[in-house]
Amino acid sequence: MMEHIRTPKVENVRLIDRTAPRKAMVGTLYLSATHTIFVENNPETRRETWVLHSMVASVERPPTTPSGSHLVVHTKNFQVVQLLIPQERDAMDVQASLARLSRPEKYSELYCLSINPNANKEEREESWSFLDLQADYRRMGVPNNLWVSTPANSEYRVCDTYPSELFVPKSATPPVIVGSSKFRSRGRLPVLTYFHQDTLAAICRCSQPLSGFSARSQEDEQMLEAIMKSNPGSDYIYVVDTRPKLNAMANRAAGKGYENEDHYANIKLQFIGIENIHVMRNSQQKISDVGELKTPSMGDFLWGLESSGWLKHIKAVLDAGVFIAKAVAEEGISVVVHCSDGWDRTAQACSVASVLLEPYYRTMKGLMLLIERDWVSFGHKFSHRYNHLEGDPKEVSPVIDQFLECVWQLSEQFPCAFEFNERFLVQLHRHVYSCQYGNFLGNSQKERRDMGLRERTHSLWPQLWKDRAQYANPLYRADHTQTQGILRPNTTPYCFK
Amino acid sequence: MFLCSHFILTQPVTFLVKHQQRCQEMEFAELIKTPRVDGVVLRRPFLPTVEGTLCLTGHHLILSSRQDNTEELWLLHANIDAIEKRFVGSLGTIIVKCKDLRVIQLDIPGMEECLNIASSIEVLSTLDSVSLMYPFFYRPMFQVIEDGWKSFLPEDAFKDLESMTEEWRLSDVNKDYSVCSSYPPLVAVPKDVDDDTLRKAAAFRHGGRFPVLSYYHKKNGMVMMRSGQPLTGTNGRRCKEDEKLINATLRAGKRGYIIDTRTVSVAQQAKARGGGFESEANYPQWRRIHKAIERSSILQESLIKLVEACNDQSHSMDRWLSKLEASNWQTHVKEILTTACLAAQCIDREGASVLVHGTEGTDSTLQVTSLAQIILDPACRTIQGFQALVEREWLQAGHPFQQRCSQSAYSNSKPRCEAPVFLLFLDCVWQILRQFPCSFQFSQHFLVLLFEHTYASQFGTFMGNSASERSKLNLSQKTVSLWSWVNRPQEVERLSNPLYEANCLVIWPSVAPQSLLLWEGVFLRWKRSSRCLDEAYDEMVHIIQYNNKELQNKVNNLRRQLAQLETEEPLLQTP
């Protein structure tokens, strides 16, 4: 990366405090292969400001003023760093360098892959064994006499965006598994993600069926039937399509769509209406614009908040989770969740439901496991969504941001229910973008394996665990009533902040 | 009112009956057509439905289940803002909408009974006669340790001022309320200005409200004054005495700021009605700044819209946000806080004295002067200090509580002078409290309690519209002060903020829209259960108590060790 640095050092730079523009720090700006570093001149304090290149979202250079050129750096976690550089030439160099440094073209340019993997070999290997997904399935009581592990996806044969180990109904035969996978977008067949031991109801996830206007698949129908039969207490299942019904219908023209209730016995189809990644991307853009307004009136702010639609979308995601959790815990009915590809809205809905249903997922380790399962292992496209590499801007969308915000909204309603505090969520959010650790690189388990990330990078989880004291919620007690059982949040609009 | 209901409830039922009889013997008997109905079903937020006997007394609506005292309802008629009747067959339903924004439902068997009860409630909750109000009938069932009527006398407040400066004096020019009917008998004015000058300045100010001292900033000796608008009229009338009075507060060569809470155009229009503002020509040592705090009728409209938005649970997110915006409530909060910050900034940062006024000087003016003091003066952030502030800047300063608070958000009758001016002040205090959670000795419970008592109360504190009216009603003799109730140790503890750590600094709240939230404690109080939040609060108190105990143990241990070392030391020194 060093070759992209046009100027490694600029002196007499001012770092401007946005809230008090008159109080600027004077210092030296350094560009390294990984960070932009500002060191204050004042010999007593020598305050340092570090910005990781991969966190940089944009660098703007407003017109040059007599006192120099301004650079406004926006980061992906919504920080704004404003610099005043005396020489326009230097400012242009810094801007050009940062533009390139913050948009790596190859994974190998990323911070976590730029370090010597064998410097702390043991620590590295240990870091990856910190979480054990299979142990979490066992904690749920899986496998059991209803749900079994299938080798069908070893070497990612039926679905290259799924994990290699999948849990399916005991009665689902290999032909059913393969047939069902062929009838689903990108082979993402219905598999288990959460099992509720109290009611024996399960949450399964998949992508949309390739039903078009009339196509059907006997195996896929048998698969859903098998899921229903895996819950001895019920005679039907919910199929939750998290998309708006219109979108789902439009997909039929492309040979996709949703389950025809006439073809599938004993299913109840439910549309939730979470919008797609493009709507969400625009919504986030709008709401961060509102935050950028110079001196907004209350009306500007509320109007901006409303027209961004952000809280409406958060409510939709939470409502999806509430519907699923209720079905599983209160009605004892299993739920099959999908959207289009089943890696964005489906991940949101399933993981919110898990947080509502299972106290364990409200602990630090539990939330890590949940993210590892519903997001990382099930092929949420982290590198595309969070713009890890220079790529298609239409693939970028704040999907996991919304999940983290849902968890935050819940923690506001149930202040004693979560082991972690807001800082933990903020830190998670940061690392989804930072690429300091290997966890969120790539777009699927297979990609990560092919890149050999476990051999070349460290895992984030033990690091967070080591710092757990600063992420602890002091109000959390494992024996508190809010910590027990399922959470029933109020999703009336005025409950959102 | 429900706040005192918990001790009334501990009284046996026979007491209720006696109480009821006593009231009926009085003036109310003819207003109560049906004093009691059996088999009434009560539905209210967050509590199980109960069936019992409904009793109407002169001042209360009571529902007694006769089984478990905890399920009873004691509701002051004065707390009822509006009622609605519905009938299904012979079963009548009365929806009671309270001034504290709670809505309860009574199902009453029998159409005639229901109609009678409804019409009685309507009459009893809108009695105009002050002498029939509950505070005159209420006898405290707690021991008054300190008479609240004597807790915050202007003389005592002035003693504090005297210890800081000699530039001010207490004038009794208004001792018979003849100079200004809405001022108290004693006001603080510059020492060099005599009473005659005050009288002339009063004639030049709206309502006779000549500039008086509101706050003295100890740090730099700057002051905040308040008044009514100057009566310049269209001819640009001037008054030398008024100019002299306010110039007397300026240090040599210093300029002051006049904060007019109205926009320039509103202030201009006021000239046509005899009002106006201080012109640069006549007040060259003052810089005038106009801000935009809305008039009271607009505030009342906002309150009605906001409560309506909060009550409709079927809203989509878009509709809720647009209704919240359309109510403009949060805009008022922002405007008021911004203006208060401006006043505080002039005093603390610019080192200048400030005069605040709007039109009458009894509403927006008081919001600004009292909030500026919360920002500047740590004493106002204590429980006692806040009471003193309310007493000084609202009650003594002549905010017309009775007129402003006779109707709340549900009332169907045409608003006259009603406006949530004080509620907005409390909302602003809550916003600052939320931003500085450790700097206030009280919790939001105190603010909610004040909100309730301004609209309906067994105490006389917020009756009347001015010191003069309160003195005519002889409230200090005939009623109990709210402060007598609040300042008992158990109540002080209930209202205390466990996170409080005295902060002697000026606190600057953020007035950015995203920093200002809807005050859930008032507006969503009856809409969503606060159980989980209450549990979190208890948990926090518990942790703090535990930590304090641990620390105390540590201190004790160290003391013991120290004592031990001290006794051992001579031994060590001996060879």
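Residues numbered from 1 in each chain as written. Chains lettered and ligands numbered in written order. Predicted model: local features only at pLDDT ≥ 70, side-chain atom pairs only at ≥ 80, totals over all residues. Heavy atoms only, no water.

## Here we look at the overall build of chain A
- If you tally the helices and strands in chain A, you get 18 helices and 14 strands.
- Taken over C-alpha atoms, the radius of gyration comes to 24 Å for chain A, in line with the 23 Å a tight globule of 497 residues would show.
- Counting only C-alpha atoms and orienting by the principal axes, one finds that chain A spans roughly 75 × 55 × 50 Å.
- Considering only intrachain contacts with a sequence separation of at least 6, the fraction spanning at least 24 residues in chain A is 69%.
- Accessible area for chain A stands at about 20600 Å²; split by element, carbon and sulfur atoms hold 49% of it.
- Here chain A contributes 57 positively and 57 negatively charged side chains, and the mean placements of these two sets differ by 1 Å. (Helix = DSSP H or I, 4+ residues; strand = E, 2+ residues; numbered from the N terminus. Rg over C-alpha atoms; globule rule 2.2 N^0.38 Å. Contact = heavy atoms within 4.5 Å. Areas by Shrake-Rupley, 256 points an atom, 1.4 Å probe, with all protein chains shown as cover. Lys, Arg positive; Asp, Glu negative; His and termini not counted. Charge placed at Lys NZ, Arg CZ, Asp CG, Glu CD.)

## Overview of the UniProt feature "coiled-coil region" (unreviewed entry) in chain B
- UniProt tags residues 541-568 of chain B as "coiled-coil region" (unreviewed entry).
- Counted over residues 541-568 of chain B, helix gives 100% and strand 0%. Its end C-alpha atoms are 40 Å apart. (UniProt positions renumbered as here; feature names shortened; annotations may be inferred.)

## Section: the interface of chain B and chain A
- Across the contact, 28 residues belong to chain B and 31 residues belong to chain A.
- One can count two salt bridges joining chain B with chain A.
- Arg477 of chain A is the salt-bridge partner of Glu539 of chain B, the closest N and O atoms lying 2.7 Å from each other.
- Taken together, the links from chain B to chain A amount to five residue pairs in polar contact (both at pLDDT 80 or more).
- Elements with a contribution of two residues or more to the side of chain B that touches chain A: α9 (317-327), α10 (329-348) and α21 (531-573) of chain B. (Salt bridge = Lys/Arg side-chain N within 4 Å of Asp/Glu carboxyl O. Polar contact = N/O pair within 3.5 Å; in protein donor to acceptor, adjacent residues only side chain to side chain.)

## Topic: the UniProt feature "domain: Myotubularin phosphatase" (unreviewed entry) in chain B
- UniProt records the feature "domain: Myotubularin phosphatase" (unreviewed entry) for residues 148-523 of chain B in the present numbering.
- Helix makes up 45% of residues 148-523 of chain B and strand 9%, and the two end C-alpha atoms of the span are 29 Å apart.

## Quick notes on the packing of aromatic side chains
All names here are of chain A.
- Considering all chains together, one arrives at 40 aromatic pairs over all chains under this definition.
- Here the guanidinium or amino end of Arg139 rests over the ring plane of Tyr361, the centre of that ring lying 5.3 Å away.
- A cation over an aromatic ring shows up here: Arg468 above the ring of Trp465, its NZ or CZ 4.4 Å from the ring centre. (Phe/Tyr/Trp six-rings, centres within 6.5 Å; stacked < 30°, edge-to-face > 60°. Lys NZ or Arg CZ within 6 Å of the ring centre and 35° of its normal.)

## Some thoughts on the packing of helix α12 (residues 383-396) of chain B against helix α15 (residues 444-455) of chain B
Residue and element names in this part refer to chain B.
- Put simply, α12 and α15 touch, their axes get as near as 12 Å, and they point 30 degrees apart. With respect to each other, α12 and α15 are oriented roughly parallel. α12 and α15 meet at a crossing whose hand is right-handed. Contacts from Ile383, Phe386, Gln387 and Val390 of α12 reach α15 at Phe446, Leu447 and Leu450. (Axes fitted to C-alpha atoms, helices over the stretch in contact; angles between N-to-C directions. Parallel < 35°, antiparallel > 145°, perpendicular 65-115°, else oblique. Left-handed = near helix turned anticlockwise from the far one by under 90°.)

## Some details on the packing of α10 of chain B against helix α11 (residues 364-376) of chain B
Residues and elements named next belong to chain B.
- The contact between α10 and α11 brings their axes to 8 Å, and the two run at 60 degrees. The angle between α10 and α11 falls in the class oblique. As α10 packs across α11, the resulting crossing turns out to be right-handed. Contacts between α10 and α11 involve Ile336, Thr339, Ala340, Cys341, Ala343, Ala344, Ile347 and Asp348 from the former and Gln367, Val368, Leu371, Ala372, Ile375 and Leu376 from the latter.

## Considering a nonpolar patch on the surface
Residues and elements named next belong to chain B.
- There is a patch of nonpolar side chains on the surface, built from Phe87, Met111 and Leu115 and spanning about 250 Å² of accessible area.
- Within the secondary structure, Phe87 sits in strand β5 (residues 80-88).
- Phe87 gets classed as partly exposed once you look at its relative accessible area, which sits at 33%. (Patch = residues over 30% accessible without salt bridge, like charges linked within 9 Å, V, L, I, M, F, W, Y side chains within 5 Å. Buried < 20%, exposed > 50% of the residue type's maximum accessible area, 1.4 Å probe, protein only.)

## Regarding the pairing of strand β10 (residues 212-217) of chain B
- Burial runs high along β10 of chain B: six of the six residues are buried.
- Connecting β10 of chain B to the antiparallel partner strand β11 (residues 222-226) of chain B that follows it, the hairpin turn spans four residues, and Gly221 of chain B within it adopts a positive phi of roughly 75 degrees. (Pairing = 2+ DSSP bridges.)

## Points about the environment of His196 of chain A
All names here are of chain A.
- Within the secondary structure, His196 sits in strand β10 (residues 191-196).
- Note on His196: relative accessible area 5%, which makes it buried.
- Along the backbone, His196 and Ser354 are 158 residues apart, and their C-alpha atoms lie at a distance of 9.4 Å.
- His196 has contacts with Ala201, Val328, Ala329 and Leu357, leaving out every residue within four places of it along the chain.

## A few points about the UniProt feature "active site" (unreviewed entry) in chain A
Residue and element names in this part refer to chain A.
- The residues that UniProt annotates with the feature "active site" (unreviewed entry) are Cys339.
- Tracing the sequence through the fold places Cys339 in the loop between β14 (335-338) and α10 (345-357).
- Exposure remark for Cys339: the relative accessible area of 2% places this residue in the buried category.
- With residues near it in sequence (within four places) discarded, Cys339 still touches Cys206, Ser207, Gln208, Asp241, Thr242, Arg243, Asp344, Arg345 and Thr346.

## Looking at helix α14 (residues 421-435) of chain B
- Between its first and last C-alpha atoms α14 of chain B spans 22 Å; for 15 residues at 1.5 Å apiece the expected length is 21 Å, and the two agree.
- α14 of chain B sits mainly inside the fold: 13 of its 15 residues count as buried. (Expected span 1.5 Å × (residues − 1).)

## Some remarks on unusual backbone geometry
Residue and element names in this part refer to chain A.
- The amide bond that connects Val142 to the next residue, Pro143, takes the cis arrangement and shows omega of 0 degrees.
- Checked against the element boundaries, Pro143 lands in the loop between α3 (133-140) and β8 (147-150).
- One non-glycine residue with positive phi stands out, namely Glu155, at about 60 degrees.
- Structurally, Glu155 is set in the loop between β8 and β9 (166-169).
- Taking relative accessible area as the criterion, Glu155 reaches 55% and is therefore assigned exposed.

## Examining the sheet that holds β10 of chain B
Residues and elements named next belong to chain B.
- Spatially, five strands are ordered β10-β11-β14-β12-β13 in an open sheet, and the strand pairing comes out mixed. Across the chains shown, the open sheet's two edge strands, defined by having one partner strand only, are β10 and β13 (286-290). Sheet twist, expressed as the mean angle between neighbouring strand axes with direction ignored, is 20 degrees.
- Two elements, strand β12 (residues 256-260) and strand β14 (residues 354-357), share four bridges in a ladder whose sense is parallel. Residue pairing for β14: Ile259 is matched across the bridge by Val356.

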